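Here's the letter readout for the chains.
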Amino acid sequence: MATSFPPVVPGRFQMLHGGDYNPEQWRHRPELLDEDARLMRRAGMTAASVGIFSWAALQPGPDSWDFAWLDAVFARLQAQGVGILLATPSAARPLWLAEDAEVRRMRSDGTREDPGGRHSFCATSPRWRAAVAEIDRRLAERYAGHPALLGWHISNEFGGAAENGRCHCPRCIAGFQGWLRRRFGDDLDALNRAWNSAFWSHSYQDWAQIRPCDRSNDGLMLAWQRWCSDLVLDVVRLEKAAIRSASAAPITTNMHGPMDFYDHGAVARELDFVSYDCYPDIDGSPRDAEAVAAASFYDGCMRGLAGGRPWLLMESCPSQPQYKPRMRLKRPGMHRALSLAHVAGGSDGVCYFQWRAGSNGHEKHHGAVLMQDAPTDTRVFREVAELGADLARLGGVVGAACPAPVGIVCDVHSTWARRVSGGFQGEPAPAELAMTHHRCFHERGIHADLVDADSDLTRFALVVVPGVALLRPGFAARIEAALAAGAQVLVDALSGWYDDEAAIVAGGRPGPLAGLLGLGASEEMDVLRTDERVALTVTGGWLPAGTHAIGHCDLMRLAGAEALASYAGEFYAGRPALTRHRHGAGTSWYLGCRLERPALAHLLARLADAAGIRPPLPEIPAGVVVRERIQPGRRYLFVLNPQPQAVQVGVGPGWSDALGEAAMPATLDLAGHQAQVLTRPA
Amino acid sequence: MATSFPPVVPGRFQMLHGGDYNPEQWRHRPELLDEDARLMRRAGMTAASVGIFSWAALQPGPDSWDFAWLDAVFARLQAQGVGILLATPSAARPLWLAEDAEVRRMRSDGTREDPGGRHSFCATSPRWRAAVAEIDRRLAERYAGHPALLGWHISNEFGGAAENGRCHCPRCIAGFQGWLRRRFGDDLDALNRAWNSAFWSHSYQDWAQIRPCDRSNDGLMLAWQRWCSDLVLDVVRLEKAAIRSASAAPITTNMHGPMDFYDHGAVARELDFVSYDCYPDIDGSPRDAEAVAAASFYDGCMRGLAGGRPWLLMESCPSQPQYKPRMRLKRPGMHRALSLAHVAGGSDGVCYFQWRAGSNGHEKHHGAVLMQDAPTDTRVFREVAELGADLARLGGVVGAACPAPVGIVCDVHSTWARRVSGGFQGEPAPAELAMTHHRCFHERGIHADLVDADSDLTRFALVVVPGVALLRPGFAARIEAALAAGAQVLVDALSGWYDDEAAIVAGGRPGPLAGLLGLGASEEMDVLRTDERVALTVTGGWLPAGTHAIGHCDLMRLAGAEALASYAGEFYAGRPALTRHRHGAGTSWYLGCRLERPALAHLLARLADAAGIRPPLPEIPAGVVVRERIQPGRRYLFVLNPQPQAVQVGVGPGWSDALGEAAMPATLDLAGHQAQVLTRPA
Amino acid sequence: MATSFPPVVPGRFQMLHGGDYNPEQWRHRPELLDEDARLMRRAGMTAASVGIFSWAALQPGPDSWDFAWLDAVFARLQAQGVGILLATPSAARPLWLAEDAEVRRMRSDGTREDPGGRHSFCATSPRWRAAVAEIDRRLAERYAGHPALLGWHISNEFGGAAENGRCHCPRCIAGFQGWLRRRFGDDLDALNRAWNSAFWSHSYQDWAQIRPCDRSNDGLMLAWQRWCSDLVLDVVRLEKAAIRSASAAPITTNMHGPMDFYDHGAVARELDFVSYDCYPDIDGSPRDAEAVAAASFYDGCMRGLAGGRPWLLMESCPSQPQYKPRMRLKRPGMHRALSLAHVAGGSDGVCYFQWRAGSNGHEKHHGAVLMQDAPTDTRVFREVAELGADLARLGGVVGAACPAPVGIVCDVHSTWARRVSGGFQGEPAPAELAMTHHRCFHERGIHADLVDADSDLTRFALVVVPGVALLRPGFAARIEAALAAGAQVLVDALSGWYDDEAAIVAGGRPGPLAGLLGLGASEEMDVLRTDERVALTVTGGWLPAGTHAIGHCDLMRLAGAEALASYAGEFYAGRPALTRHRHGAGTSWYLGCRLERPALAHLLARLADAAGIRPPLPEIPAGVVVRERIQPGRRYLFVLNPQPQAVQVGVGPGWSDALGEAAMPATLDLAGHQAQVLTRPA
């Protein structure tokens with residue numbers, strides 16, 4: 001990561017307020033382009049993401065180029081004080097380029113896809129790669145020195161097409177085989193053993209026999225997923241190199257969705273700052289609390305990728321995305337509350353998809369700041385402009401830390417390993433487990449960073465390892481290092497199943513974690529029906545009285561650890577359900593079953609206590625989001641009420657309004673959808 | 001439309017009673033063919049649809065022809081007084097013809113389909129087109145002068161295979177490109193602007209780049225649907241020309257299903273009369289009322305296509321279709337009641353699929369008048385024969401008008417535009433909205449014609465425009481003409497979204513309708529969860545007290561109109577929900593929300609009052625179908641009870657039994673499933 | 001069938017206790033292979049199924065062979081007294097063989113499948129067939145004389161890939177055409193008539209036009225299913241011939257699943273003994289009773305295929321299969337109870353999939369006796385070893401008869417015919433009907449054999465014919481023979497619909513069965529909604545008072561039979577619902593409707609009484625499984641409680657414990673999941 005984040009327009013606002021802006025759609029209507037620039041200033045916009053889908057406009061043919069219109073856009077926006085995050089246009093290539101068949105993906109049956117949608121290219125195509133490198137380089141050379149340039153936005157939402165959009169052309173297959181050859185040091189026997197390909201007689205006699213279409217080898221399927229992920233990384237590197245040939249401005253790419261399309265940690269390590277597109281499903285029902293918690297989870301993912309530093313909300317919808325089952329309007333204030341929640345979670349800005357909705361094509365109904373050429377004096381525009389004014393007042397927050405004492409391991413390799421492996425389908429996926437654990441901290445106002453299994457864990461007082469089924473090389477050592485540093489570490493029974501090739505760990509579960517946990521190999525795991533639960537006998541108050549196991553019950557053998565809860569029923573009555581083991585300066589915990597959320601929250605609160613973690617407020621009403629951000633010498637407290645009913649929140653004395661500088665009462669009265677940002681000296 | 005409908009057998013019955021008859025299946029069993037003719041006479045059949053799937057029998061090889069068996073069928077039926085609707089056999093080509101690959105469709109991945117099913121041809125194949133034209137011409141030349149010939153039945157149920165049956169061969173793709181070139185006057189930039197193809201960088205640099213497989217451009221998807229629809233029209237024209245080379249007898253094609261496969265209005269304009277295949281899902285449950293209303297809706301569609309004139313029920317099932325989830329038998333009397341309901345809705349006949357079920361192949365379980373070679377002394381046969389006798393007595397109804405004071409616009413281009421556009425998926429499709437509005441009139445015994453957006457609207461006192469999202473060229477002018485003629489016109493908030501290319505209307509919704517409605521551009525539209533509703537404040541009794549909005553709430557701006565209901569809740573409390581605007585000699589109404597059916601029925605009843613519309617009876621019991629048909633000097637009143645329980649219906653004095661000539665009481669006692677046809681001088 | 005079943009290791013246990021064993025996975029870990037052999041002996045294993053997926057290990061290249069490792073496996077197991085069921089490896093070919101494109105299947109669109117999964121070969125490929133024959137022959141030559149060889153296990157679970165795994169290569173299509181040509185005696189007109197292909201103009205002008213992809217001809221679809229089934233039979237014959245070239249040891253193939261992939265009767269006639277892989281879905285809920293009944297149903301299927309003789313449970317899971325929705329552990333004792341239930345149902349052994357789970361590949365989570373290289377001192381291992389000891393004590397049961405006085409016809413041709421025919425989709429499939437009827441006998445402890453329509457029926461006192469829609473050639477005669485022999489024969493209304501080409505029977509339902517039943521052709525069949533039922537008027541106590549018809553109501557005409565129940569409602573009130581007809585020395589019964597299970601059980605109990613059938617115990621508590629097996633001079637009574645709650649079962653005096661020789665009380669107290677085997681002189 002570079003230190004230059006967030007990129008700012010010198011002398012103006014610091015907190016970014018921006019959005020995707022696709023002016024090439026309106027080149028035939030210059031009066032709209034003029035209006036855009038004027039209204040951006042009025043809305044307090046400081047940035048626009050330009051060029052995301054401009055390839056066909058910039059390069060209408062193999063040998064023809066047109067930058068004049070983009071020059072004019074730069075000039076118009078600069079004149080209004082709006083900076084530019086310039087995108088590389090690789091997400092959608094022009095149609096003339098797709099006429100070369102090698103640019104289009106091949107399906108697994110050998111037929112070629114037609115051009116269409118986005119990310120519909122073969123990433124190994126030399127023709128495509130050369131074309132991307134050339135246009136990126138030309139953009140970098142032309143705009144590197146432009147004063148409006150804030151930074152670079154590589155491509156757009158990589159990997160969205162991954163599930164049904166992988167290329168099976170001979171070149172890609174050969175690339176996959178070469179990738180495997182390197183991974184296994186040219187030792188085909190090693191691959192056969194690692195994948196146990198002798199089962200079902202699938203042993204490979206030659207590297208050229210390895211094709212990704214055999215869904216009956218878990219190791220193969222995991223490898224194919226990783227190769228496809230590495231292709232994303234490879235394209236990011238290709239584009240980064242092209243940009244860097246002429247420009248040193250900071251680089252990001254906008255991440256999105258469930259983040260299981262590719263290894264986001266690997267890509268993040270190539271970027272100067274990370275950014276995310278967030279579209280929570282808000283419909284005014286009680287389920288909104290879950291959507292808000294999920295958005296906060298992705299904030300934590302970004303902090304994890306950024307090593308705890310700020311990041312950027314690159315896309316959000318000021319109204320309603322067209323993809324939701326119901327396009328229910330966000331109620332007045334809700335957009336502000338949700339946006340400030342991301343700032344509370346570490347985003348040093350709020351950006352939109354998109355500034356002005358296109359008239360046709362796709363996404364014409366997707367909520368935007370402006371809708372086509374309809375009148376602009378709308379509620380949505382006014383709320384956006386008011387938020388712009390608020391963000392301008394929050395310049396002091398820029399760069400502030402989100403102190404995260406908790407690290408939750410959420411590793412996409414475990415997600416992939418579980419997905420390719422049969423069995424235990426009814427139990428939650430790793431990311432769902434991570435989200436459940438995160439929510440317990442979210443509701444107490446505690447920042448918890450989501451980190452992958454390749455991350456250092458020693459910066460956390462409490463480390464949670466939920467559903468980390470696949471043990472990455474070195475992961476056990478990183479757990480041990482956290483324990484050595486004095487952390488509390490909680491491991492659950494869906495962790496520690498597979499080695500790095502999705503094979504069952506040697507010697508039985510939880511493999512190399514057993515020693516750290518003071519356990520022997522687990523004997524077997526019971527999986528309960530959804531109408532079943534098993535009572536627990538608890539010791540020491542780590543779980544509430546009356547706690548039940550749900551989901552699964554691991555049958556562990558103690559080897560040094562002590563039991564703090566045990567099963568009170570079934571044929572395994574008396575066997576341990578929760579164990580504790582001192583290791584190094586820290587303590588390791590093992591939870592053999594799943595818990596309902598209140599019991600889990602109780603356990604995590606006790607573990608946080610044990611780790612010396614204190615929440616920002618002693619009491620937070622249900623549904624209210626509270627977070628702190630900290631600058632040297634100054635604290636900011638975000639208190640947000642993204643629900644219709646009013647609440648009272650005791651914040652204690654000494655706070656003043658970060659947006660208005662008035663002193664604030666010790667108890668806040670927050671109307672429905674109201675949000676406050678408080679501040680005081682640290 | 002020709003004036004020759006319905007085609008009749010001179011000197012015998014006038015109301016058609018017929019059915020599909022596929023004797024080529026039984027050529028090896030002449031005794032069955034003899035029995036068929038005899039039993040047709042006994043069942044009061046006056047028509048048979050012959051030849052629908054006879055191509056292989058008529059032309060067993062490229063150069064071999066066999067009309068002798070069909071000559072014999074003509075002779076047999078003529079001898080029994082049964083006329084023939086002669087079908088062209090294009091719906092299923094013989095297998096020898098499919099050996100030529102160009103005749104078979106190409107999938108979008110470039111692979112060829114195998115022959116099978118029906119309508120599995122490439123409609124641009126020169127080989128196929130020449131073969132169709134030749135067999136049609138030969139049939140026309142041979143039978144044009146035959147006294148049993150009633151008319152022509154082109155192909156069968158066009159478009160049923162459309163959803164997964166489109167051809168992507170290079171010739172079809174080139175045809176599509178040429179069609180676009182003509183549509184856009186050879187101006188590719190115009191196409192790019194109309195489709196806003198710059199979004200996602202999908203601008204076309206060459207017509208040859210336009211392929212239908214890109215699902216990310218709404219305009220493209222709509223155009224492809226239209227091109228596929230125009231191919232149907234093109235085949236109809238091809239076959240019509242071949243027939244007309246030798247025969248002037250009236251021509252139809254049997255429409256079916258939800259009528260969204262192709263533009264039925266465009267095809268209807270080529271025909272002499274329209275016909276429909278109707279298979280309501282009747283299972284004896286309370287849901288039957290919905291099925292009966294839906295059947296009546298399609299009657300209204302046929303009247304709309306026929307400009308208010310009679311049409312023909314071309315297929316119906318005297319027992320149970322094999323496609324229903326449960327093959328529950330129609331109870332005694334039910335077939336008669338449902339059949340007479342179609343006559344009440346303007347059909348001058350009742351026809352079946354099919355006369356005798358085939359022994360194997362497909363549809364062998366589909367209810368027919370006769371089942372294979374099983375005994376013929378069945379309940380179904382007896383009921384069919386009794387209906388035949390009734391129809392013979394209803395000759396006076398033939399040609400009678402169905403006076404329809406209400407026109408409901410139901411336009412397939414809006415259906416397609418909604419389908420290709422994201423957003424608002426939870427809200428009802430245009431045809432569903434039209435059906436909901438139609439049912440309010442159906443239950444009051446009022447004929448309401450379903451007309452497309454290309455139809456003249458000045459013949460209606462009340463025009464309803466529900467969900468007409470796409471504004472066809474001239475549609476606003478046709479609304480204005482209806483207003484000028486003094487009509488009441490109701491427009492809803494799902495109308496007026498798109499121009500003719502599925503792009504958002506310029507200047508904001510409802511675009512060119514705004515002025516007619518006295519409204520400015522709508523600001524935004526709220527979509528409610530299914531568990532939400534918004535109370536309305538009502539004025540003037542146009543809605544019942546206590547009415548709530550459901551589904552969506554449009555946030556309108558008045559510009560001349562007056563508000564007759566307004567939202568009483570949410571952040572838009574006080575904004576108008578129902579408006580009225582005097583325009584020309586008429587009045588335009590705008591409904592910004594959806595209503596539950598009782599409230600909608602109340603509003604439509606009030607609007608009908610305002611339009612001077614009077615229902616045939618003041619009070620109709622729930623579930624009873626009442627309709628009038630009118631001849632010069634004579635009225636017919638159909639009173640049908642398609643439900644198991646008995647009802648009383650007050651019809652007033654002066655009616656006699658149209659089937660038996662007895663005078664009828666002022667209050668009818670109708671048993672379950674009983675149907676009466678009454679008459680009196682006009 | 002050979003008389004040599006079950007194959008036994010001379011001088012040791014007689015009841016087989018074995019399992020799939022895939023040691024080629026562990027060739028690099030000889031210490032595990034040594035442990036395997038030692039632990040097999042400790043677990044009382046007498047057999048291992050070896051070689052199932054060993055092709056790549058045995059023949060790593062076209063011209064390289066490696067039998068040394070398999071020789072060592074034979075030696076290791078022989079040393080521990082474990083016999084070998086040697087598998088042919090055809091279920092999964094080595095990848096080098098799949099490099100020849102002809103070995104891989106072609107999809108219906110003409111594209112080739114990639115290698116992967118199992119059974120992914122084209123069965124007509126000469127290259128593949130030669131390779132199978134060669135490796136089978138080499139195995140037979142090498143191991144025919146080995147003392148550890150118990151018998152042959154051909155391939156593995158044929159047909160599992162059938163649904164989406166059929167080959168459409170030109171050679172297969174030509175093979176299908178040739179098969180049809182032989183079936184119809186080279187008479188294409190006969191085929192056209194039989195399939196009524198004139199419907200939809202699908203008449204064939206040439207055999208070469210017949211392709212399987214036309215889903216609109218029921219006869220064609222049935223024929224394609226049969227051809228695919230015959231391909232399985234053909235491969236079995238190919239492999240049998242290769243084995244028999246050198247070995248006379250008994251041959252089986254392991255059947256599995258719903259047994260509708262191919263004609264299992266045809267394959268069984270090629271085998272020396274039959275075997276089945278059984279994985280009931282046991283999750284501790286009340287639904288377990290249904291799973292236990294289903295397992296018992298498949299026991300009955302095996303007895304039917306074996307002509308009433310013993311068979312072998314070839315695969316079962318000692319823990320939980322990974323394919324279940326929830327991998328809930330089997331509770332202690334449950335594995336023993338379920339295993340002994342199969343022995344009670346005629347299996348002379350208990351075998352597992354698998355001995356040791358593989359580390360990766362596929363099925364790594366599938367419960368096995370040992371899990372990878374985890375510790376082996378597990379509950380599962382102990383329970384397997386205890387069962388091994390029990391089986392050793394049950395040597396006297398080997399070969400004992402399962403006296404089955406009831407035959408239920410369950411014919412896959414009817415399953416296929418129903419599947420390819422439209423209509424009546426809501427009514428149960430033939431196998432579901434057979435299972436429902438079987439369960440009534442299962443719960444009374446009566447062995448009922450499931451036999452196909454090609455089987456002799458004269459060995460049964462009671463024959464049930466449920467849903468036998470397709471009448472195989474000679475089936476009516478076999479019914480008549482059973483009646484002539486004095487049987488009670490019950491036919492239901494979903495029987496007797498189709499001839500052998502899936503065409504409707506001539507003259508109306510139930511065609512040739514009508515005379516045997518004393519009925520005329522049925523007039524029509526009502527199908528009820530799931531919320532409907534029709535009261536019956538009953539006579540003679542054959543049905544309980546208050547019985548209702550559900551599902552369907554056939555409207556029959558009596559022609560000699562007498563009515564014992566009639567419909568009491570609907571328009572067909574008074575028409576017969578249950579009829580009886582004396583025919584020959586027996587009695588035929590026709591049930592025109594479906595019944596709820598208690599009423600059906602009542603009817604079947606009365607029919608069993610009429611047939612002189614006596615259950616083994618007068619009273620069996622709900623959920624308890626009771627069965628008898630009989631040796632000359634000795635009876636064995638299995639009393640099994642596969643449910644959590646304890647029960648008491650009155651067995652009467654005179655029994656002793658077959659496992660411990662103690663005398664047993666007249667009333668057994670069975671704990672949850674407990675199982676007892678009793679014996680006494682006959």
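For clarity, every value in this text was computed on a predicted model and none was experimentally measured.

**Q** Let's hear about the overall build of chain A: which residues, and what values?
**A** Across its full length, chain A carries 17 helices and 28 strands. With respect to the three principal axes, the spread of C-alpha positions in chain A is 75 × 75 × 40 Å. In chain A, which comprises 682 residues, the share counted as buried stands at 68%. For chain A, long-range pairs separated by at least 24 residues make up 72% of all intrachain contacts whose partners lie at least 6 apart in sequence. Element-wise, carbon and sulfur atoms account for 51% of the exposed surface of chain A, whose accessible area totals about 21000 Å².

**Q** Outline the sheet that holds strand β24 (residues 634–640) of chain A, supporting the account with residue identities and numerical values.
**A** All names here are of chain A. Across the sheet, which stays open at both edges, the four strands sit in the order β23-β24-β28-β26 with antiparallel pairing between neighbours. The strands lining the two open edges of the sheet, one partner per strand, are β23 (625–631) and β26 (656–657). With seven bridges connecting them, β24 and strand β28 (residues 675–681) associate as antiparallel partners. By the bridge assignment, R635 is partnered in β28 with R680.

**Q** So, the relation of the copies chain C and chain A: which residues are in play, and what are the values?
**A** Placing chain C over chain A gives an RMSD of 0.0 Å and needs a rotation angle of 120 degrees, together with 0.0 Å of translation along the axis. With respect to symmetry, the two chain copies, as superposed, fit the operation of a three-fold axis. Within chain C, T111 of chain C has its C-alpha nearest the rotation axis, a separation of 4.8 Å. Interface overlap between copies is the fraction of interface residues in one copy that are interface residues in the other; for chain C against chain A it is only 4%, indicating separate surfaces.

**Q** Hey, could you go over the domain arrangement of chain A for me, with residue numbers and the actual values?
**A** Residue and element names in this part refer to chain A. What the domain assignment lists for chain A is domain 1 (406–610) and domain 2 (625–681). Centre-to-centre, using C-alpha coordinates, domain 1 lies 35 Å away from domain 2. Domain 1 puts four residues into the contact, and the matching count from domain 2 is four residues. Buried surface at the junction of domain 1 and domain 2, summed over both partners, amounts to about 370 Å²; 47% is from carbon and sulfur atoms. At the surface where domain 1 touches domain 2, the tally comes to zero salt bridges. Across the contact surface, domain 1 and domain 2 share two residue pairs in polar contact (both at pLDDT 80 or more). Residues of the side of domain 1 that touches domain 2, tallied by class, amount to one nonpolar, three polar and no charged.

**Q** Before we move on, could you go through the state of the cysteines and cite the residues and values that matter?
**A** In protein chemistry, a disulfide is the covalent bond that joins the sulfur atoms of two cysteines. Residues and elements named next belong to chain C. Scanning all chains against the criterion turns up zero disulfides over all chains. Looking at C167, it has no disulfide partner, and the nearest cysteine sulfur is the one in C169, 3.7 Å off. Between C301, a cysteine without a disulfide, and C410, which holds the nearest cysteine sulfur, the sulfur-to-sulfur distance is 5.6 Å.

**Q** Help me get a handle on the interface of chain C and chain A, residues and values and all.
**A** Across the boundary between the two partners, chain C contributes 56 residues, which contact 56 residues of chain A. Counting the surface lost from both chain C and chain A, the interface buries some 4300 Å², and carbon and sulfur atoms represent 52% of this. Area buried by chain C at its contact with chain A is led by R326, N360 and H365 of chain C, which between them contribute 16% of it. If you look at where chain C meets chain A, you find nine salt bridges. A salt bridge links E570 of chain A to R331 of chain C, with the shortest nitrogen-to-oxygen separation between them at 2.9 Å. Looking at the side of chain C that touches chain A, the elements that each hand over two or more residues are α2 (55–58), α4 (95–98) and α12 (379–393) of chain C.

**Q** Give me helix α5 (residues 126–143) of chain B: which residues, what numbers.
**A** Residue and element names in this part refer to chain B. Its 18 residues give α5 an end-to-end C-alpha distance of 26 Å, which sits within 8% of 26 Å, the value for a rise of 1.5 Å per residue. Within the span of α5, buried status applies to W128, A131, V132, I135, D136, L139, A140 and Y143. One side of α5 carries all its buried residues, which in axial view fall inside an arc of 160 degrees.

**Q** Describe the environment of E113 of chain B, listing the residues and the values that go with them.
**A** Residue and element names in this part refer to chain B. Tracing the chain through its elements places E113 in the loop between α4 (95–98) and α5. What makes E113 buried here is its relative accessible area of 13%. Sequence separation between E113 and I504 is 391 residues; the distance between their C-alpha atoms is 37 Å.

**Q** I'd love a proper account of the side chain of S296 of chain B, names of residues and values included.
**A** Residue and element names in this part refer to chain B. Along the chain, S296 turns up in helix α10 (residues 288–305). Judged by relative accessible area, S296 falls into the buried class, the value being 9%. Residues in contact with S296, not counting those within four places in the same chain, are H438, H442 and R627.

**Q** Which residues make up helix α13 (residues 412–420) of chain C, and what are the values?
**A** Helical geometry note: an α-helix holds 3.6 residues per turn, so side chains three or four residues apart project in the same direction. Residue and element names in this part refer to chain C. Within α13, eight of the nine residues are buried, leaving the element largely enclosed by the surrounding structure. Inspection of α13 places V412, H413, S414, T415, W416, A417, R418 and V420 among the buried residues, and these make up the whole buried set. Packed against the buried residues of α13 are α8 (218–244) and α14 (430–442).

**Q** Before we move on, can you summarise the pairing of strand β4 (residues 149–153) of chain C with the specific residues and values?
**A** Every regular strand shows the same layout, with side chains that alternate between the two sheet faces. All names here are of chain C. Counting buried positions along β4 yields five of five residues, so the element is predominantly enclosed. By the bridge criterion, four bridges tie strand β3 (residues 83–87) to β4 in an arrangement that is parallel. Within β4, the residue paired with A87 across the bridge is H153. For β4 and strand β5 (residues 251–252), the ladder comprises two bridges, and the chain directions are parallel.

**Q** Quick one: what's the story with the packing of α10 of chain B against helix α11 (residues 334–344) of chain B, residue by residue and with numbers?
**A** All names here are of chain B. The geometry of α10 relative to α11 is characterised by a closest axis approach of 9 Å and an angle of 35 degrees between their N-to-C directions. Here α10 contributes D288, V292, A295 and D299 to the contact with α11, which in turn contributes M334, L338, A341 and H342. Across the contact of α10 with α11, the residue classes tally to five nonpolar, one polar and two charged.

**Q** Quick one: what's the story with the pairing of strand β16 (residues 524–527) of chain A, residue by residue and with numbers?
**A** Residue and element names in this part refer to chain A. Of the two faces of β16, the one lined by E524 and D526 and the one lined by M525 and V527 are each fully buried. The pairing of β16 with strand β18 (residues 548–555) spans four bridges and is antiparallel. From the neighbouring strand, M525 faces β18, where its bridge partner is D554.

**Q** With reference to specific residues and values, describe the relation of the copies chain B and chain A.
**A** In the superposition of chain B on chain A (RMSD 0.0 Å, axial shift 0.0 Å), the rotation amounts to 120 degrees. A share of only 4% of the interface residues of chain B reappears at the interface of chain A, consistent with the copies meeting through non-equivalent patches.

**Q** An account of the packing of aromatic side chains is requested, with residue identities and associated values reported.
**A** Evaluation of the coordinates by the stated rule reveals 53 aromatic pairs over all chains. When the ring of F176 of chain C is compared with that of W224 of chain C, the centres are 5.2 Å apart and the planes differ by 75 degrees; the resulting orientation is edge-to-face. Here the residue F176 of chain C occupies a position in helix α6 (residues 170–183), and W224 of chain C occupies one in helix α8, the gap between them amounting to 48 residues. Residue class for F176 of chain C comes out buried when judged on its relative accessible area of 0%. Each residue in the set F176, W179, W224 and W227 of chain A is aromatic and connected to the rest through ring pairs, giving one cluster. It is K364 of chain C that lies over the ring of Y498 of chain A; its NZ or CZ is 4.3 Å from the centre.

Conventions adopted
Residues numbered from 1 in each chain as written. Chains lettered and ligands numbered in written order. Predicted model: local features only at pLDDT ≥ 70, side-chain atom pairs only at ≥ 80, totals over all residues. Heavy atoms only, no water. Helix = DSSP H or I, 4+ residues; strand = E, 2+ residues; numbered from the N terminus. Buried < 20%, exposed > 50% of the residue type's maximum accessible area, 1.4 Å probe, protein only. Contact = heavy atoms within 4.5 Å. Areas by Shrake-Rupley, 256 points an atom, 1.4 Å probe, with all protein chains shown as cover. Pairing = 2+ DSSP bridges. Least-squares fit on C-alpha atoms with pLDDT ≥ 70 in both. Domains from an automatic or database assignment. Buried area = accessible area lost by both parts, 1.4 Å probe. Salt bridge = Lys/Arg side-chain N within 4 Å of Asp/Glu carboxyl O. Polar contact = N/O pair within 3.5 Å; in protein donor to acceptor, adjacent residues only side chain to side chain. Nonpolar A, V, L, I, M, F, W, Y, C, P; charged D, E, K, R; others polar. Disulfide = S-S within 2.5 Å. Expected span 1.5 Å × (residues − 1). Arc of directions from axis to C-beta. Axes fitted to C-alpha atoms, helices over the stretch in contact; angles between N-to-C directions. Phe/Tyr/Trp six-rings, centres within 6.5 Å; stacked < 30°, edge-to-face > 60°. Lys NZ or Arg CZ within 6 Å of the ring centre and 35° of its normal.

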